[in-house]
Amino acid sequence: MPATATIPRPQADGDEIRQRILDAAQGVFADRGYAGATTREIAARAGIGKRMLFYYFVNKDAVYRAVL
């Protein structure tokens, strides 16, 4: 395989990523409460970057409201 060839990555669909964020957030909020939860930890548990979390949700409050 040439050095410039790339292996295509499967791309997750938006609904699946949003659900992963909500599942991760539910766990983080349950473990740490609203005040102790961070968007960084939610993103990490969802397996995405923090910027990607903010693509789907404007802030932590929006994530919290979606979980509820």
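These lines cover the structure that appears in this document, whether it is placed above or below. Everything numeric here is computed off the predicted structure, so don't read it as measured data. (Residues numbered from 1 in each chain as written. Predicted model: local features only at pLDDT ≥ 70, side-chain atom pairs only at ≥ 80, totals over all residues. Heavy atoms only, no water.)

On to the packing of aromatic side chains. Under the criterion given, the structure shown has 4 aromatic pairs. Ring geometry for phenylalanine 29 against tyrosine 34: centres 6.0 Å apart, planes inclined by 15°, an arrangement best described as stacked. Here tyrosine 34 falls in the partly exposed class, since its relative accessible area comes to 35%. Measuring from centroid to centroid gives 5.1 Å for tyrosine 55 and tyrosine 56, while their planes differ by 80°, and the two rings are edge-to-face. Judged by relative accessible area, which is 66%, tyrosine 55 ranks as exposed. Feature note: the residues Phe29, Tyr34 and Tyr64 constitute an aromatic cluster, connected by ring pairs. One residue, lysine 60, lies across the ring of tyrosine 34, its end atom 4.3 Å from the ring centre. (Phe/Tyr/Trp six-rings, centres within 6.5 Å; stacked < 30°, edge-to-face > 60°. Buried < 20%, exposed > 50% of the residue type's maximum accessible area, 1.4 Å probe, protein only. Lys NZ or Arg CZ within 6 Å of the ring centre and 35° of its normal.)

Right, let's get into the environment of threonine 39. Take threonine 39: it is sitting in helix H2 (residues 39-46). Residue threonine 39 is classed as buried on the basis of its relative accessible area of 11%. Apart from the residues lying within four places of it in its own chain, the contact partners of threonine 39 are Lys50, Leu53, Phe54 and Lys60. (Helix = DSSP H or I, 4+ residues; strand = E, 2+ residues; numbered from the N terminus. Contact = heavy atoms within 4.5 Å.)

Further remarks concern the environment of aspartate 31. Mapped onto the elements, aspartate 31 comes out in helix H1 (residues 14-36). The exposure class assigned to aspartate 31 is exposed, which follows from its relative accessible area of 55%. Here the side chain of aspartate 31 touches arginine 45 through a polar contact of 2.8 Å, side chain to side chain. (Polar contact = N/O pair within 3.5 Å; in protein donor to acceptor, adjacent residues only side chain to side chain.)

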